[in-house]
Amino acid sequence: MSAVALIRGRAYIAGEWVATGTHLDVLDPATGERVGRVPRCGAEQARAAVDGACGVFEQWRSLSAIDRAAPLHRMARTMERREEELATLLTREQGKPLAEARGEIRYAASFLTWFAEEARRMYGETVPAPSADGRIFVLRQPVGVGVAITPWNFPCAMVTRKLGPALAAGCPLILKPAEATPLSALALAAIAEEAGIPAGAFSVLTGDRADAADLGDALIGDARVRKLSFTGSTAVGKKLLEASAATVKRVSLELGGNAPFVVLDDADVDAAVAGCLIAKFRNAGQTCVAANRILVQDGIYERFRDALAQAIAALRVGPGLEPGVQIGPLIDRRAFDKVHALVADARDAGARSTVGGGQAEAGGTFFTPTLLEDVSADMRISREEVFGPVAPLTRFGSDAEGMALANGTPAGLIAYLYGRDFSRLVRGYEALEAGMVGVNTGLVSTAEVPFGGWKESGLGREGSRHGLEDWTELKSVTVALD
Ligand code: NAP
């Protein structure tokens, strides 16, 4: 068992653990207690991180794929071995139930394992040339120094989903984690250092919300950074895409969703309810893949609603470290107020909350799991990401009407479809405008799946072999023989 301390109060820049003289407190959303304190970084630290990344780039990319993979495998094994410590830290700074945090650590480690394996398959191509004495080869080479900006809802998995492919492809990575959850990111840096990832190949710059734009500007404005990989809100993603235009960086964006959860009238009600609980209430509804609009066909509506209402009423709310808790607190007061406002707006517009509807007994930012009925497509709650434990139900008639409702937003991250008839399901998943579709399942996220969205939900893919390709550039080499 390794002795390396996982709670770090310093940023990790070019292989050094750095204090900056100013700091921010990291709070437990369940209790408001301080979990840790991390430095506020700015342009100076951003420059040092880019210097370090540029300094190690040649050395790192020149290693064999097997040698780049080895420390990634070691990192993954350490995460698996220290799952309990990492999960506890994650729950303390993020709030999700401990069982979910354990699942996130395993999920996060799986990206390192997957991309360590994929490093060995960064294949190029040989293309038949148009003349007998010509040869054309296509190489895949690392895109260069990368910057990752990640959200608070998956403090480990969103990091490794970027770190794994970046390092596997040969790219150093500079990470700016969210203000609310920097401790998990720093714990990963400590594990990376111990695993033998060289100085500069992975840096972590912490900062509070007021620092985010400055840090983002300093990193994205630096022409030496060749790729930005961002996961977060669509509004911030659009700004960063614009900022990246000045140096024509490669950009991957994993942005907001507004997932439809479509229940056709021949669906298995129990299976659909079980899937809906996972898709809607995991992480208290604070996931980009959360079922945001639950669209239920007339013929099954009452049966599905009654079963879902019963299941929602039984969900246990409380601090994530308490055994048996299924719904933790929302991340902060701002998030709580937003969910509250969306529910109030829906009620004013004619929706009814038949289960829950407001603050939970635990107080603070705990929100009662809620079922809203009579929700229509024009309500704010149907147009915006709820990011809370609220299930809005909308009824539809024909399959075509259901698909039109499902596709009727600018988001296209994921859609869920429940039913039994094979032909209807095939027509349904082909019609859905989303990067991912779950058919009779409420959980699609694994390292094997190309994760990403259509329309305003993003650019590029993470996970799968496509996730590695997104960290490479193609180079064609045309050779004329004598
Ligand atoms: P957010 O406000 O966009 O923040 C995401 C990250 O961007 C944080 O690290 C944040 O730092 C940083 N940031 C904010 N403004 C910035 C700026 N001007 N320049 C540079 N960086 C900036 O999103 P969030 O509320 O943390 O996360 C929730 C959102 O993420 C939801 O929309 C969710 O759907 C989306 N998400 C998408 C996926 C996916 O794979 N598609 C996965 C998870 C989450 P601070 O925290 O310091 O403000």
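Up top is the structure.
Computed from a predicted model, the values in this text were never measured in an experiment.

**So, the sheet that holds strand β22 (residues 472-480)**
Whenever strands of a sheet pair, they do so through backbone hydrogen bonds, lying parallel or antiparallel.
Moving on, step 1. On the basis of which strands lie adjacent, the open sheet formed by 3 strands has the order β5-β6-β22 and antiparallel pairing. In this open sheet, the two edge strands, each paired with only one partner strand, are β5 (125-127) and β22. Strand-to-strand twist in this sheet, taken as the mean axis angle between neighbours without regard to direction, amounts to 20°.
Moving on, step 2. Here strand β6 (residues 134-142) runs beside β22; their pairing, made up of 9 bridges, is antiparallel. Each bridged residue has a counterpart across the sheet, and for V138 the counterpart in β22 is S476.

**Looking at empty space enclosed by the protein**
Moving on, step 1. Within the structure shown, the criterion is met by 4 cavities of 30 Å³ or more.
Moving on, step 2. In this model, the largest cavity occupies a volume close to 80 Å³.
Moving on, step 3. Lining the largest cavity are Y107, F154, M158, R161, R282, T287, C288, V289, S445 and F451.
Moving on, step 4. Class assignment for the residues of the lining of the largest cavity results in 6 nonpolar, 2 polar and 2 charged.

**Overview of the state of the cysteines**
Moving on, step 1. One pass over the structure, following the stated rule, counts 0 disulfides.
Moving on, step 2. Free of any disulfide, C276 has its nearest cysteine sulfur in C288, 16 Å distant.
Moving on, step 3. Assessed through its relative accessible area of 0%, C276 is described here as buried.

**Regarding the side chain of T181**
Moving on, step 1. Inspection of the secondary structure assignment puts T181 in the loop between β8 (173-176) and α6 (182-195).
Moving on, step 2. Those residues within four positions of T181 in sequence are excluded, and the remaining contacts are E93, Q94, P151, W152 and P155.

**Some remarks on the site of the ligand**
Moving on, step 1. In the region of the ligand, 31 residues are neighbours, and T150, R161, S233, L255 and E385 sit closest.
Moving on, step 2. Between the ligand and S233 there is a distance of 2.6 Å, counted from an oxygen atom to a side-chain nitrogen or oxygen.
Moving on, step 3. Within the backbone of L255, a nitrogen or oxygen atom sits 2.8 Å from a nitrogen atom of the ligand.
Moving on, step 4. Burial of the ligand by the protein chains amounts to 90% of its free accessible area of 910 Å².
Moving on, step 5. For the ligand, the cavity whose grid points lie within 2 Å of the majority of its atoms is the largest pocket.
Moving on, step 6. For the shell around the ligand, the elements supplying multiple residues, two or more each, are α5 (157-169), α7 (209-220), β10 (225-231) and α8 (234-244).
Moving on, step 7. The element best represented in the shell around the ligand is α7, accounting for 4 residues.

**Some remarks on the pattern of salt bridges**
Moving on, step 1. Tallying each qualifying case throughout the model produces 35 salt bridges.
Moving on, step 2. A salt bridge links E456 to K238; the nearest nitrogen and oxygen atoms lie 3.0 Å apart. Taken together, the positions of E456 in the loop between β20 (454-455) and β21 (458-459) and K238 in helix α8 put the pair 218 residues apart, joining distant regions of the chain.
Moving on, step 3. The exposure class of E456 is partly exposed, given its relative accessible area of 37%.
Moving on, step 4. Here R424 makes a salt bridge to D266, at a shortest N to O gap of 3.6 Å.

**Side note on helix α14 (residues 422-431)**
Moving on, step 1. Within the sequence span of α14, burial applies to L425, V426 and G428. When α14 is viewed along its axis, its buried side chains cluster within an angular range of 165° and face the same direction. Turned more than 90 degrees off the buried face of α14, the exposed positions are R427 and E430.
Moving on, step 2. Those residues of α14 hidden inside the fold are in contact with α13 (399-406), β18 (414-418) and β19 (436-439).
Moving on, step 3. The backbone nitrogen of S423 lies 3.2 Å from a side-chain oxygen of the residue at the head of α14, namely D421.

**Some thoughts on the packing of aromatic side chains**
Moving on, step 1. The tally for this structure, following the rule as stated, stands at 6 aromatic pairs.
Moving on, step 2. Each ring, one from F261 and one from Y416, has its centre 5.6 Å from the other, and the planes form 35°; the classification is tilted. Placement of the pair is F261 in strand β12 (residues 259-263) and Y416 in strand β18, with a sequence separation of 155 residues.
Moving on, step 3. On the accessibility criterion, F261 (0% relative accessible area) is buried.
Moving on, step 4. Classification of Y416 as buried rests on a relative accessible area of 2%.
Moving on, step 5. The rings of F261, Y416 and Y418 are connected pair by pair, giving a single aromatic cluster.
Moving on, step 6. The ring of W17 has R8 sitting right over it, with the charged end atom 4.4 Å from the ring centre.
Moving on, step 7. Sitting above the plane of the F451 ring, R161 keeps its charged end 4.0 Å from the centroid.

Cut-offs used in this document
Residues numbered from 1 in each chain as written. Predicted model: local features only at pLDDT ≥ 70, side-chain atom pairs only at ≥ 80, totals over all residues. Heavy atoms only, no water. Pairing = 2+ DSSP bridges. Helix = DSSP H or I, 4+ residues; strand = E, 2+ residues; numbered from the N terminus. Axes fitted to C-alpha atoms, helices over the stretch in contact; angles between N-to-C directions. 1 Å grid on protein atoms, 1.4 Å probe; cavity = no way out; pocket = protein on both sides within 12 Å on 5 of 7 lines; lining within 4 Å. Points joined across faces, edges and corners; volume = space filled by probe spheres on them. Nonpolar A, V, L, I, M, F, W, Y, C, P; charged D, E, K, R; others polar. Disulfide = S-S within 2.5 Å. Buried < 20%, exposed > 50% of the residue type's maximum accessible area, 1.4 Å probe, protein only. Contact = heavy atoms within 4.5 Å. Near = heavy atom within 4 Å. Polar contact = N/O pair within 3.5 Å; in protein donor to acceptor, adjacent residues only side chain to side chain. Areas by Shrake-Rupley, 256 points an atom, 1.4 Å probe, with all protein chains shown as cover. Sits in = over half its atoms within 2 Å of the grid points. Salt bridge = Lys/Arg side-chain N within 4 Å of Asp/Glu carboxyl O. Arc of directions from axis to C-beta. Phe/Tyr/Trp six-rings, centres within 6.5 Å; stacked < 30°, edge-to-face > 60°. Lys NZ or Arg CZ within 6 Å of the ring centre and 35° of its normal.

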